[in-house]
Amino acid sequence: MKKSAAGTLHDRRRERNAILIMILVSIPILFIYLAFFRNAFLDSATGELTLGNFRFLTGEIRLSQYTVPPMGPAFRNSVVFTVVVTLCEVIISCMAGYALARLDFRGKKVIPFSLLALRLFPGMLLLIGVLYVLMTLKLVNSLQGVILAAIALRLPGSTFIIRNFFSAVPADIENSALVDGCNRLTAFFQVVIHMVKPGIASISLFSFMSAWSNYLLFNTLIFNSKTPVLATYIRVLSRNDQMIADYGVFAAMALIYMLPVLIFFFISQKQLMQGNIGGGKGI
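Residues numbered from 1 in each chain as written. Predicted model: local features only at pLDDT ≥ 70, side-chain atom pairs only at ≥ 80, totals over all residues. Heavy atoms only, no water.

Enquirer: I'd like a description of the nonpolar core, backed by residues and values.
Expert: If you look at the biggest cluster of nonpolar residues, it comprises 40 residues, and the most contacted ones within it are Phe56, Phe81 and Met253. Residue contributions to this core peak at eight residues, all from helix H11 (residues 247–273). Counting residues in hydrophobic clusters, the runner-up holds 14 residues, among them Tyr98, Ile162, Phe188 and Ile193. (Core = buried A, V, L, I, M, F, W, Y, C linked by side-chain atoms within 4.5 Å. Buried < 20%, exposed > 50% of the residue type's maximum accessible area, 1.4 Å probe, protein only. Helix = DSSP H or I, 4+ residues; strand = E, 2+ residues; numbered from the N terminus.)

Rendered as structure tokens:
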């Protein structure tokens, strides 16, 4: 009993120490977010609450010697790019992952390792090859070309992840659906797909965050400012000669920039929390 009581006391002490360390680590992060919201909603001159830093939503703004256009076109392009990339990546990776997990064909064991090998290459190393491919297809300097490049670069990782979730689904469940009159396609959509929702939520969230914050592809594959996105739009604030930015406007833009990611996370949070260790089977 004494050993048990001593062990419980030791565990409580460790728990209190862990909580104290987490609080100490969180204080600087909370301070950063407080400063972020203060800059976005307070007038730097008077210290009063204001929405003047969000004036870029309705019209162009003047910063130093530069004129920043309204955010509308950049926001629209970002939404179109993110939605199309996320939907295509989820649909294609789900079908490919199911085929790798359930169907028998030549090269089935080699493809997963090939997908993993493709993920080892940084996307930056492939940009020159991607640029030449888009030039051949006459899609360079266009939103469609960047969408194709983003989907192609993300598919190997998403397919590899979702394949492990499909592999964790017992084959007897699918076989029962086939016995009950379903064919392979209806069993996939009516039975199997509902059992891998945590995996779909995971790859959807990763795809959404990657597409929404994508800066490298747009900065490399688009040579003019006719197709702006939020990542390149915000860059305008800090490119003047003195490198002086309006931090209130910058914080307001960053707040608008991060809202869709937060909303998407809260929507998919329930499915993410329903994930279990079975999704990692076969890694």
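Enquirer: How would you sum up the packing of helix H3 (residues 110–120) against helix H5 (residues 143–168)? Please name residues and give values.
Expert: Relative orientation of the contacting elements H3 and H5 amounts to 135 degrees, with a least axis distance of 9 Å. Viewed along their axes, H3 and H5 adopt a mutual orientation that is oblique. Considering only the axes of H3 and H5, their crossing is left-handed. Each of Pro112, Leu115, Leu116, Leu118 and Arg119 in H3 lies in contact with H5, whose residues at this interface are Leu153, Pro156, Gly157, Thr159, Phe160 and Arg163. Here the contact of H3 with H5 is built from residues that sort into seven nonpolar, two polar and two charged. (Axes fitted to C-alpha atoms, helices over the stretch in contact; angles between N-to-C directions. Parallel < 35°, antiparallel > 145°, perpendicular 65-115°, else oblique. Left-handed = near helix turned anticlockwise from the far one by under 90°. Contact = heavy atoms within 4.5 Å. Nonpolar A, V, L, I, M, F, W, Y, C, P; charged D, E, K, R; others polar.)

Enquirer: Can you explain the pattern of salt bridges? Please cite residues and give values.
Expert: When the charged atoms of two side chains lie near each other, side chains of opposite charge can form a pair. Applying the stated rule across the entire model yields three salt bridges. In this structure, glutamate 89 engages arginine 154 in a salt bridge whose closest nitrogen and oxygen atoms are separated by 3.5 Å. In this pair, glutamate 89 sits in helix H2 (residues 72–102) while arginine 154 sits in helix H5, placing the two residues 65 residues apart along the sequence. Judged by relative accessible area, which is 1%, glutamate 89 ranks as buried. For glutamate 174, the salt bridge goes to arginine 184, with nearest N and O atoms at 3.0 Å. Of the two residues, glutamate 174 sits in helix H6 (residues 171–179) while arginine 184 sits in helix H7 (residues 184–195), which places them 10 residues apart along the sequence. Here the salt bridges share partners, and the residues they tie into one network are Arg102, Glu174 and Arg184. (Salt bridge = Lys/Arg side-chain N within 4 Å of Asp/Glu carboxyl O.)

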